[in-house]
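# Inside the fold
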Amino acid sequence: MSTNRTTLRRRATAMAVAGALLLLPGCAALSELTGDGGTTTSPSPEAASAEPSAAPSSEAPSPRAEPSASASPSVTAEPSASASPSPSASPSASPSTTPPTDDGAAEAEDGEGDDTKDKDKAKETAEPEPEYLEVGSSGTEVTALQERLQDLGYYLPSVDGSFGPMTQQAVWALQKAAGLYRDGVVGPKTEQALADGVRPGAESSSGKVVEIDLDRQLIKAVEDGEVVRTINASSGNGESYEALGRTYTATTPRGTYAVYMERDYLHESTLELGSMYRPKYFTGGIAVHGSGSIPPYPASHGCIRVSNSAMDWLWDTWGVPKGTTVVVY
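Conventions used here
- Per chain, residue numbering runs from 1 following the sequence as it is written.
- Given that the model is predicted, a residue must reach a pLDDT of at least 70 before its local features are reported, and side-chain atom pairs must reach 80 or more before they are shown or counted; all residues, however, enter totals for whole chains, interfaces and linings.
- Note that the side-chain values use all heavy atoms of the structure and ignore hydrogens as well as water.
- UniProt positions are given in the numbering used here, feature names are shortened, and annotations may be inferred rather than shown by experiment.
- Using a grid of 1 Å spacing that covers the protein atoms alone, one calls a set of points a cavity when a 1.4 Å probe fits there but cannot get out, and a pocket when the set is open and has protein on both sides within 12 Å along at least five of seven lines; lining residues are those with an atom within 4 Å of a point.
- Grid points are joined across faces, edges and corners, and a volume is the space filled by probe spheres set on the points.
- The helix count covers DSSP runs of H or I at least four residues long, the strand count covers runs of E at least two residues long, and both are numbered beginning at the N terminus.
- The classification used treats Ala, Val, Leu, Ile, Met, Phe, Trp, Tyr, Cys and Pro as nonpolar, Asp, Glu, Lys and Arg as charged, and all other residues, Gly among them, as polar.
- Each residue's exposure class comes from its accessible area (1.4 Å probe, protein chains only) as a fraction of the maximum for that residue type: buried when under 20%, exposed when over 50%, partly exposed otherwise.
- Any pair of nitrogen or oxygen atoms within 3.5 Å is treated as a polar contact; in protein, a donor-acceptor pairing is required on top of that, and neighbouring residues in sequence qualify only through side-chain atoms on both sides.
- Salt bridges are defined by distance alone: a side-chain nitrogen of Lys or Arg within 4 Å of a carboxyl oxygen of Asp or Glu.
- Residue contacts follow a heavy-atom distance rule, with two residues in contact if any of their heavy atoms lie within 4.5 Å.
- Lines fitted to C-alpha atoms define the axes, with helix axes restricted to the stretch in contact, and inter-axis angles between N-to-C directions lie between 0 and 180 degrees.
- Note on angle classes: values under 35 degrees are labelled roughly parallel, values over 145 roughly antiparallel, values of 65 to 115 roughly perpendicular, and the remainder oblique.
- Buried Ala, Val, Leu, Ile, Met, Phe, Trp, Tyr and Cys residues that are joined via side-chain atoms within 4.5 Å together make up what is termed a nonpolar core.
- Residue-level confidence of the predictor, termed pLDDT, takes values from 0 up to 100.
- Pairs were defined over the aromatic rings of Phe, Tyr and Trp, the Trp ring being its six-membered one, requiring ring centres within 6.5 Å. Orientation was assigned from the angle between planes: stacked under 30 degrees, edge-to-face over 60, tilted for the rest.
- Think of it as a cone above the ring: NZ of Lys or CZ of Arg counts as a charge over the ring if it is within 6 Å of the ring centre and within 35 degrees of the ring normal.

Per an unreviewed UniProt entry, the chain goes by Spore cortex-lytic enzyme and derives from Isoptericola dokdonensis DS-3. What UniProt records for the chain under Pathway (unreviewed entry) is the sentence "Cell wall biogenesis; peptidoglycan biosynthesis."

As structure tokens, then:
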């Protein structure tokens with residue numbers, strides 16, 4: 001009997017040991033049900049980078065162990081709140097997401113890099129653009145310009161070393177005579193025209209004649225075929241306008257005329273078109289007169305505008321009495 005009991009105890013002990021051995025694979029099976037999918041206990045590379053504090057364990061995972069949300073691959077690759085006590089200790093900051101240095105940040109913000117710096121240096125070392133004489137300039141170069149303009153016969157009342165409106169008028173006249181762009185700036189081409197001594201010729205050959213060149217917008221004071229003064233002018237612009245209920249066209253007629261009427265004061269237009277300074281009429285209501293606006297292009301209602309100073313010269317110095325021939329071409 002005792003022998004049977006002993007045998008039964010030994011069998012029971014052997015069965016208990018075998019049962020304990022069978023429980024070990026059961027943990028792995030339970031782990032598969034919880035989503036480990038039969039993987040090893042060491043974390044994947046993504047999980048390792050996402051949760052650096054989860055060190056690999058040599059023990060089998062507990063049946064209750066569930067995969068952390070941060071253990072799956074993350075789009076932002078940022079550590080979860082429980083991954084590390086400090087963001088700076090996170091190994092997830094790869095070289096591609098490493099913040100730039102202060103210098104790099106400045107370049108990124110300003111949009112400047114080595115290319116921009118090189119361009120800035122090139123600008124600093126480049127030669128400065130040449131300065132041309134224009135309205136506002138002054139000094140000995142302006143004085144020389146004014147003297148040269150007077151020598152060539154372009155109307156300029158005085159030489160004072162200051163590039164003002166009257167010097168601009170004379171430069172415009174030179175540029176018109178030379179067929180240049182009328183900007184009033186003494187650039188290379190205008191300087192060449194000065195050096196070449198460009199001046200317009202006369203159409204008439206005898207007597208005192210006021211010649212009006214509509215194509216070049218110039219008035220020429222001519223004596224016996226020689227141009228003694230060239231004046232910047234502005235004639236009719238060719239547009240339609242209304243005055244006193246009627247429609248007119250702003251044209252300056254071509255032909256040969258003579259001064260038949262004059263007004264030695266600031267005369268108001270009978271068509272209510274504005275004031276005319278000391279006008280000299282040569283056909284109908286068309287006159288040569290002074291004005292405060294003489295652009296380098298046609299702009300009037302049909303009369304010929306010159307500066308008030310030039311009109312004074314025509315009246316008081318050169319003299320344009322009644323009967324003086326006026327040729328418009």
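### Some thoughts on the layout of surface pockets
One number sums up the size of the second largest pocket: a volume of about 510 Å³. Along the wall of the second largest pocket there are 29 residues; nearest its centre are Ser269, Leu273, Met276, Gly285 and Cys303. Elements with a contribution of two residues or more to the lining of the second largest pocket: strand S8 (266-268), strand S9 (275-283) and strand S10 (286-291). Among the residues making up the lining of the second largest pocket, the classes are represented as 11 nonpolar, 17 polar and 1 charged.

### Thoughts on the environment of asparagine 232
Tracing the sequence through the fold places asparagine 232 in strand S3 (residues 226-232). With relative accessibility at 4%, the residue asparagine 232 sits in the buried group. Between the C-alpha atom of asparagine 232 and that of lysine 220, which follows or precedes it by 12 residues, the distance is 9.0 Å. Reaching out from asparagine 232, the side chain makes a polar contact with the side chain of glutamine 169 at a distance of 2.7 Å.

### Considerations on the pattern of salt bridges
Counted according to the given criterion, the structure contains 6 salt bridges. Among the ionic pairs, arginine 278 bridges to aspartate 264, the shortest N-O distance being 2.6 Å. Of this pair, arginine 278 sits in strand S9 while aspartate 264 sits in the loop between strand S7 (261-262) and S8, placing them 14 residues apart in sequence.

### A short note on the environment of valine 135
Mapping valine 135 onto the fold places it in the loop between helix H4 (114-125) and helix H5 (140-151). Taking C-alpha positions, valine 135 is 7.9 Å from glycine 184, a pair spaced 49 residues apart along the chain. Here valine 135 is in contact with Phe163, Gly164 and Gln168, once residues within four sequence places are set aside.

### Remarks on the UniProt feature "active site" (unreviewed entry) in the chain
Sites flagged by UniProt as "active site" (unreviewed entry) map to His289 and Cys303. Considering only the residues just annotated, the second largest pocket is lined by His289 and Cys303. With respect to the helices and strands, the residue histidine 289 is situated in strand S10. The exposure class assigned to histidine 289 is buried, which follows from its relative accessible area of 6%. Excluding its chain neighbours within four sequence positions, the residues that come into contact with histidine 289 are Ser275, Met276, Tyr277, Pro279, Cys303, Ile304, Arg305, Val306 and Met311. Checked against the element boundaries, cysteine 303 lands in the loop between S10 and strand S11 (304-307). According to the relative accessible area criterion, cysteine 303 is buried, its value standing at 11%. Ignoring any residue separated from it by four or fewer positions in sequence, one finds cysteine 303 in contact with Ser234, Ser235, Gly236, Thr252, Met276, Gly285, Ile286, Ala287 and His289.

### Here's the deal with the packing of helix H6 (residues 165-178) against helix H7 (residues 188-196)
Between H6 and H7, the shortest axis-to-axis distance is 10 Å and the interhelical angle comes to 80 degrees. By the angle between their directions, the pair H6 and H7 is classed as roughly perpendicular. Judged by residue contacts, Val171, Leu174, Gln175 and Ala178 of H6 engage Thr190, Ala193 and Leu194 from H7. Residue classes in the contact of H6 with H7 are distributed as 5 nonpolar, 2 polar and no charged.

### Quick look at the nonpolar core
General note: in soluble globular proteins, nonpolar side chains tend to be found buried as a group. In terms of nonpolar packing, the biggest core is built from 24 residues, with Ile212 and Ile219 touching the most fellow members. Taken together, the elements giving at least two residues each to this core come down to strand S1 (208-213), strand S2 (218-223), S3, S10, S11, helix H8 (308-318) and strand S12 (325-328). Ranked by residue count, the leading element in this core is H8, at 6 residues. Excluding residues that lie within four positions of it along the chain, isoleucine 212 makes contacts with Leu218, Ile219, Phe282, Val288, Ile304, Val326, Val327, Val328 and Tyr329. Counting 17 residues, the second largest nonpolar core, distinct from the first, contains Leu145, Tyr154, Ala170 and Leu194.

### Considerations on the environment of aspartate 151
Along the chain, the position of aspartate 151 falls in helix H5. You can call aspartate 151 exposed: its relative accessible area is 58%. In the structure, aspartate 151 is positioned 46 residues away from glycine 197 in sequence and 9.0 Å away in space, judged by C-alpha atoms.

### A look at the confidence of the model for the chain
Per-residue pLDDT for the chain averages 76, and the proportion of residues at 70 or more is 60%. Scored below 50 in pLDDT, residues 16-112 shows 47 contacts in the model against residues more than four places distant or in partner chains.

### Some words on the side chain of threonine 190
Looking at the secondary structure, you find threonine 190 in helix H7. Leave out the neighbours within four places in its chain, and threonine 190 touches Val171, Leu174, Gln175, Leu180 and Val185.

### Looking at the packing of aromatic side chains
Aromatic ring pairs are defined here through the distance separating the ring centres and the angle between the ring planes. Under the defined criterion, the tally for this structure stands at 4 aromatic pairs. Ring geometry for tyrosine 155 against tryptophan 313: centres 6.2 Å apart, planes inclined by 50 degrees, an arrangement best described as tilted. Of this pair, tyrosine 155 sits in the loop between H5 and H6 while tryptophan 313 is found in helix H8, placing the two residues 158 residues apart along the sequence. Tryptophan 313 matches tyrosine 155 in its accessibility class, with the two residues each being buried. Ring geometry for tryptophan 313 versus tryptophan 318: centroids 6.0 Å apart, planes at 5 degrees, classification stacked. For the residue pair tryptophan 313 and tryptophan 318, the accessibility class agrees, reading buried in each case. Feature note: the residues Tyr155, Trp313 and Trp318 constitute an aromatic cluster, connected by ring pairs. Looking at lysine 280, its charged tip hangs above the ring of tryptophan 315, at a distance of 3.7 Å from the centre.

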